[in-house]
Amino acid sequence: MSIKRRAKSWFLSFFREIFVYHNSSLEFRAKLLAVVIGANKTINKCEMGELLEIAKEIYPEDEARVDVLVNATKEYVEKIVEKNGLDINELILSINQDLKETKRFHQKIDIKQLKRFLTCSKDDEETHYTQIRIIEFLEKSIEDYNKLR
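What counts, and where the lines are drawn
Numbers given to residues run from 1 along each chain, matching the order in which its sequence is written. Under the rules for a predicted model, residues below a pLDDT of 70 receive no local features and side-chain atom pairs below 80 are neither given nor counted, while totals for whole chains, interfaces and linings still include all residues. The basis for every side-chain value is the complete set of heavy atoms in the structure, and neither hydrogens nor water enter the calculation. The helix and strand labels rest on DSSP assignments: H or I over at least four residues marks a helix, E over at least two residues marks a strand, and numbering proceeds from the N terminus. Put simply, a nonpolar core is a bunch of buried Ala, Val, Leu, Ile, Met, Phe, Trp, Tyr and Cys residues held in one set by side-chain atoms that sit within 4.5 Å of each other. When accessible area is computed with a 1.4 Å probe and restricted to protein chains, residues below 20% of their type maximum are described as buried, those above 50% as exposed, and intermediate ones as partly exposed. The criterion for an aromatic pair is that two Phe, Tyr or Trp rings (for Trp, the six-membered ring) have centres within 6.5 Å, with stacked assigned to planes under 30 degrees apart, edge-to-face to planes over 60 apart and tilted to the rest. Axis definition: a line fit to C-alpha positions, over the contact stretch in the case of helices; interaxial angles, taken between N-to-C directions, run 0 to 180 degrees. Angle categories: roughly parallel below 35 degrees, roughly antiparallel above 145, roughly perpendicular from 65 to 115, and oblique for all the rest. The hand of a helix crossing depends on one turn: near helix anticlockwise from the far one by less than a right angle means left-handed, and clockwise means right-handed. It only takes one pair of heavy atoms within 4.5 Å for two residues to be counted as in contact. Asp, Glu, Lys and Arg are counted as charged, while Ala, Val, Leu, Ile, Met, Phe, Trp, Tyr, Cys and Pro are counted as nonpolar; the rest, among them Gly, fall into the polar class. Pairs of N or O atoms are called polar contacts if they sit within 3.5 Å, as long as, within protein, a hydrogen donor faces a hydrogen acceptor (for residues adjacent in sequence, only side-chain-to-side-chain pairs). The span you would expect from a helix comes to 1.5 Å times its residue count less one.

1. Observations concerning the environment of Asp124
Reasoning step 1: With respect to the helices and strands, the residue Asp124 is situated in the loop between helix H7 (111–115) and helix H8 (125–148).
Reasoning step 2: Considered as a pair, Asp124 and Asn40 are 84 residues apart in the sequence and their alpha carbons are 8.5 Å apart.

Given below as structure tokens:
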């Protein structure tokens, strides 16, 4: 990554609430990705690769948004790992609240993308099952929303 791109990425990540268009949507996606990754208490190489690929799929034409999404997701995971005012349960509650407040966010949940992280945790049974439960919760949220529509 070039110095110019790195600087732009840092600036947009730091001030994303002000300068990033549809910041709430990006933040919601970062939370979704972080809650699944955060079950592992770290971002390993496999998860980082998946995160980057998923971010590129979500924003194929916008490298800056890809970088901001990746950085925001990493921030959430770091807060979980460091027990810095956020844990998995609080993040799930936050996601649930976002879903209640902003109905269009249900459409932002891509279960297939989230399931890709399961391959990264297949050797750690506890993490793997925690990720499965999180994904099942999100699937149930989508089902419930679709029943109400």
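From this point, the discussion proceeds with the structure in view.
2. Quick word on the nonpolar core
Reasoning step 1: With 38 residues, the main nonpolar core has Val35, Leu91, Ile95, Ile109, Ile134 and Leu138 as its most contacted residues.
Reasoning step 2: Of all the secondary-structure elements, those providing two or more residues to this core are helix H3 (23–38), helix H4 (45–58), helix H5 (63–81), helix H6 (88–101), H7 and H8.
Reasoning step 3: Per-element tally for this core: the top contributor is H3, with nine residues.

3. Some remarks on the packing of aromatic side chains
We describe a pair of aromatic rings using the distance from one ring centre to the other and the angle between the two ring planes.
Reasoning step 1: This structure, assessed with the given rule, holds one aromatic pair.
Reasoning step 2: On the basis of an interplanar angle of 20° and a centroid distance of 4.6 Å, the ring pair of Phe28 and Phe105 is categorised as stacked. Taken as a pair, Phe28 in helix H3 and Phe105 in the loop between H6 and H7 lie far apart in primary sequence, 77 residues in all.
Reasoning step 3: With relative accessibility at 1%, the residue Phe28 sits in the buried group.
Reasoning step 4: A relative accessible area of 4% means that Phe105 is categorised as buried.

4. Things to note about the packing of H4 against H5
Reasoning step 1: Following both chains from N to C, one finds H4 and H5 inclined at 140°, their axes separated by 9 Å at the closest point. Classified by the angle between their axes, H4 and H5 sit oblique to one another. The crossing of H4 and H5 is right-handed. Counting all contacts with H4, which are made through Met48, Leu51, Leu52, Ala55, Lys56 and Ile58, the residues of H5 involved are Val66, Leu69, Val70, Thr73 and Lys74.
Reasoning step 2: Along the lines of polarity and charge, the residues of the contact of H4 with H5 split into eight nonpolar, one polar and two charged.

5. Focus: the environment of Ser121
Reasoning step 1: By the element assignment, Ser121 lies in the loop between H7 and H8.
Reasoning step 2: Residues Ser121 and Ile37, spaced 84 residues apart in sequence, show a C-alpha to C-alpha distance of 9.3 Å.
Reasoning step 3: Apart from residues no more than four positions distant in its own chain, Ser121 is found in contact with Thr127, His128 and Gln131.
Reasoning step 4: Among the polar contacts made by the side chain of Ser121, one reaches the side chain of His128 at a distance of 3.2 Å.

6. Describing H3
Working note: α-helix, 3.6 residues per turn, so residues spaced by three or four point in the same direction.
Reasoning step 1: The terminal C-alpha atoms of H3, which comprises 16 residues, lie 21 Å apart, in line with the 22 Å expected from a rise of 1.5 Å per residue.
Reasoning step 2: Most of H3 sits out of view: 15 of its 16 residues are buried.

7. As for the environment of Glu57
Reasoning step 1: Relative to the helices and strands, Glu57 resides in helix H4.
Reasoning step 2: For Glu57, the contacting residues outside a window of four places in its chain are Gln113 and Arg116.
Reasoning step 3: In terms of polar contacts, Glu57 uses its side chain to reach the side chain of Gln113, at 3.1 Å.

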